Amino acid sequence: MSWEQCIRVLGGWTGYEPGTVEVREADGQGPREVWIALDRRSSRYRCSGCGKLRPRYHDAEEREIRDLPILGVPVRLFLWRFRVACPTCGPRLEALEWLEPRSRVTRRMAEDVARLCRVLPIKHVAERCGLDWHTVKAIDKAWMLRTLPPLDMTGVTRLIMDEIAIHKGHRYATLIVDADTRKVLWVGKGRGREAVRPFFEAIGGEGRKGIRAVAMDMHAPFEVEVRAQCPGAEIVYDLFHVVMKYGREVIDRVRVDEANRLRKDKAARKLVKGSKWLLLANRENLAGQTQRVRLKELLEANQALMTVYLLRDDLKRLWGYTREGWARRAWEDWLARAMESGLTPLKTFARNLTKRIDGILAQCRWKLNTSILEGINNKAKVIKRMAYGFRDDDYFALKIRSAFPGNAR
Ligand SMILES: [Zn+2]
């Protein structure tokens, strides 16, 4: 096979054939490139409006399109892009299976760019492919829009809802996840009732009826909307948020109180003051022996911190029961210990939790595994870093959805 035949067969530029193919030598410092002029072969044009083949074109414009590199050398295509004279639709761009309507790269190159964007920051993909930042982002976005499946509520009965900050303090997204497949079904703009309402409208009456339980933060503003839209669904408060709240409102406040109490004992005060992350981290996440020993010494030396730390572990256990009676007894035991502790932040937290306890005990019936929330929160941070400087919330939503496509049911 000759070089030209090889290019023609592998190129697969339906409707066109390679004319002149030249390797542009670097003039000075610029890299080498393969330039391929594509000549029109077919004299029929498929209308992108109605899909029919038409014998005439309306006009044509010269285009420069990027394709995948050949043996590592970047490729540029030069061709005429036609607008079909369609008697039904009027002048319409010709539909080509290897090139999307407004794209400046071939479909296979777009696929390659999108695949790289799953693992690399936009900036690195741009450098690697010789494209600019905005082009890479646009390609990735268009690819996700085309390939992400439409919202499908078949078999969905249990949901997890959560809000995450896109830009600290002012831009938020609300996520709706299928608790069973761990697929991100929806990413709503903002937080609150309005953020989830379009989801309930999109799934219709049948979809709403199918939902039996929804896990969320105790203080999620969309709770009201869920109760209004799905009166048959039970609200479950998830472990992840309750434990985070406990860390903030109990452990950390007791730590500050203890540091103040130890004003006269400089060494002990320093130890307590510097222990914030040690106390708030999950025990499993503590790195290495040193941190575990430090935590042990800290807790042994400080009764108040020991109490709130152990009560955190026992609080987590409430989500492990399958029988509500046992869970309720464990809760009453927990509550009694909290009230007897003499620690004001702990007592306040326990009193507030009493009003919400049904939403915690509901977990016994629904066994909602919300550990995916931590994964999504971490992924969101990575996406923010990889798309450094982006201001596009739709892009963010698409990235989250494509990162959590879900498992088979
Ligand atoms: Zn047409």
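Residues numbered from 1 in each chain as written. Predicted model: local features only at pLDDT ≥ 70, side-chain atom pairs only at ≥ 80, totals over all residues.

1. As for the overall build of the protein chain
Looking only at helices and strands, the protein chain has 17 helices and 12 strands in total. Relative to a compact globule of 409 residues, whose C-alpha radius of gyration would be 22 Å, the protein chain shows 29 Å and is clearly more extended. Each principal axis of the C-alpha atoms in the protein chain carries an extent, and together these give about 85 × 55 × 35 Å. Classification of the 409 residues of the protein chain by burial places 28% in the buried group. Once local pairs closer than 6 in sequence are excluded, the contacts in the protein chain between residues at least 24 apart make up 57%. (Helix = DSSP H or I, 4+ residues; strand = E, 2+ residues; numbered from the N terminus. Rg over C-alpha atoms; globule rule 2.2 N^0.38 Å. Buried ≥ 20, exposed ≤ 12 C-beta atoms within 10 Å, placed from the backbone. Contact = placed C-beta atoms within 7 Å.)

2. Remarks on the environment of Glu25
In this fold, Glu25 is placed in the loop between β1 (16–24) and β2 (33–40). Separated by 212 residues in sequence, Glu25 and Tyr237 have C-alpha atoms that sit 64 Å apart.

3. Side note on helix α7 (residues 239–261)
With 23 residues, α7 should cover 33 Å at 1.5 Å per step; its first-to-last C-alpha distance of 31 Å lies within 8% of that length. For α7, the principal kink sits at Gly247 and spans about 35°. Those residues of α7 that are buried lie in contact with β12 (234–237), α8 (266–273), α9 (276–280), α11 (303–317) and α13 (344–355). (Expected span 1.5 Å × (residues − 1). Bend = angle between axes of the 7 residues up to and from the residue.)

4. Focus on the sheet that holds strand β11 (residues 213–216)
The five strands lie next to each other as β10-β9-β8-β11-β12, forming an open sheet whose pairing is mixed. Here the strands that pair on one side only, and so sit at the sheet edges, are β10 (183–189) and β12. Direction aside, the axes of adjacent strands within the sheet are offset by 25° on average. Sitting on the sheet, helix α5 (residues 193–210) touches β8 (158–167), β9 (171–178) and β10, and the angle it makes with β10 is about 130°. (Pairing = 2+ DSSP bridges. Axes fitted to C-alpha atoms, helices over the stretch in contact; angles between N-to-C directions.)

5. Digging into the nonpolar core
Counting 57 residues, the largest nonpolar core has Ile160, Met161, Ile176, Val177 and Val214 as its most contacted members. A per-element tally of this core places α7 first, with six residues. Once residues lying within four places of it in the same chain are set aside, the contact partners of Val214 are Leu159, Met161, Val226, Ala233, Ile235 and Val236. Counting 24 residues, the second largest nonpolar core, distinct from the first, contains Trp13, Tyr16, Ile65 and Leu77. (Core = buried A, V, L, I, M, F, W, Y, C linked by C-beta atoms within 7 Å.)

6. With respect to the packing of α7 against α11
α11 packs onto α7 with a crossing angle of 175° between their chain directions and a minimal axis gap of 10 Å. In this view, α7 runs roughly antiparallel relative to α11, as classed from their interaxial angle. On α11, the residues touching Leu239, Val243, Tyr246, Val250, Ile251, Val254, Arg255 and Glu258 of α7 are Ala304, Leu305, Val308, Tyr309, Arg312, Leu315 and Lys316. When the residues that make up the contact of α7 with α11 are grouped by side-chain class, the tally is 11 nonpolar, no polar and four charged. (Parallel < 35°, antiparallel > 145°, perpendicular 65-115°, else oblique. Nonpolar A, V, L, I, M, F, W, Y, C, P; charged D, E, K, R; others polar.)

7. Some remarks on the pairing of strand β5 (residues 57–70)
By the bridge criterion, 11 bridges tie β5 to strand β6 (residues 73–86) in an arrangement that is antiparallel. Within β6, the position partnered with Asp59 by the bridge is Arg83. Counting the residues that bridge the hairpin from β5 to β6 gives two residues, and of these Leu71 lies at a positive phi of roughly 50°.

8. As for the domain arrangement of the protein chain
When cut into domains, the protein chain gives domain 1 (1–99), domain 2 (158–238 + 369–403) and domain 3 (240–366). Spacing between the C-alpha centres of domain 1 and domain 3 amounts to 65 Å. (Domains from an automatic or database assignment.)

9. Thoughts on α11
For α11, built from 15 residues, the straight-helix expectation of 21 Å at 1.5 Å per residue is met to within 8% by its first-to-last C-alpha distance of 22 Å. Within the span of α11, buried status applies to Leu305, Thr307, Val308, Leu311 and Leu315. Projected onto a plane normal to the axis of α11, the buried residues spread over an arc of 155° and lie on a single side. Exposed residues lying more than 90 degrees from the buried face of α11 are Gln303, Leu310, Asp313 and Arg317. Looking at the buried positions of α11, the neighbouring elements they touch are α7, α9, α10 (288–301), α12 (324–340) and α13. (Arc of directions from axis to C-beta.)

10. Things to note about unusual backbone geometry
A negative phi holds for most residues other than glycine; trans holds for most peptide bonds. The phi torsion at Leu71 lies on the positive side, around 50°, for a residue other than glycine. You can see Leu71 is positioned in the loop between β5 and β6. Since 5 C-beta atoms lie within 10 Å of it, Leu71 is described here as exposed.

11. Details of the packing of helix α2 (residues 107–117) against helix α3 (residues 122–129)
Interhelical geometry of α2 versus α3 gives an angle of 145° and a closest axis separation of 9 Å. α3 is crossed by α2, and the crossing has right-handed handedness. Residues Val113, Leu116 and Cys117 of α2 lie in contact with α3, whose contacting residues are Ile122, Val125, Arg128 and Cys129. Here the contact of α2 with α3 is composed, by residue class, of six nonpolar, no polar and one charged. (Left-handed = near helix turned anticlockwise from the far one by under 90°.)

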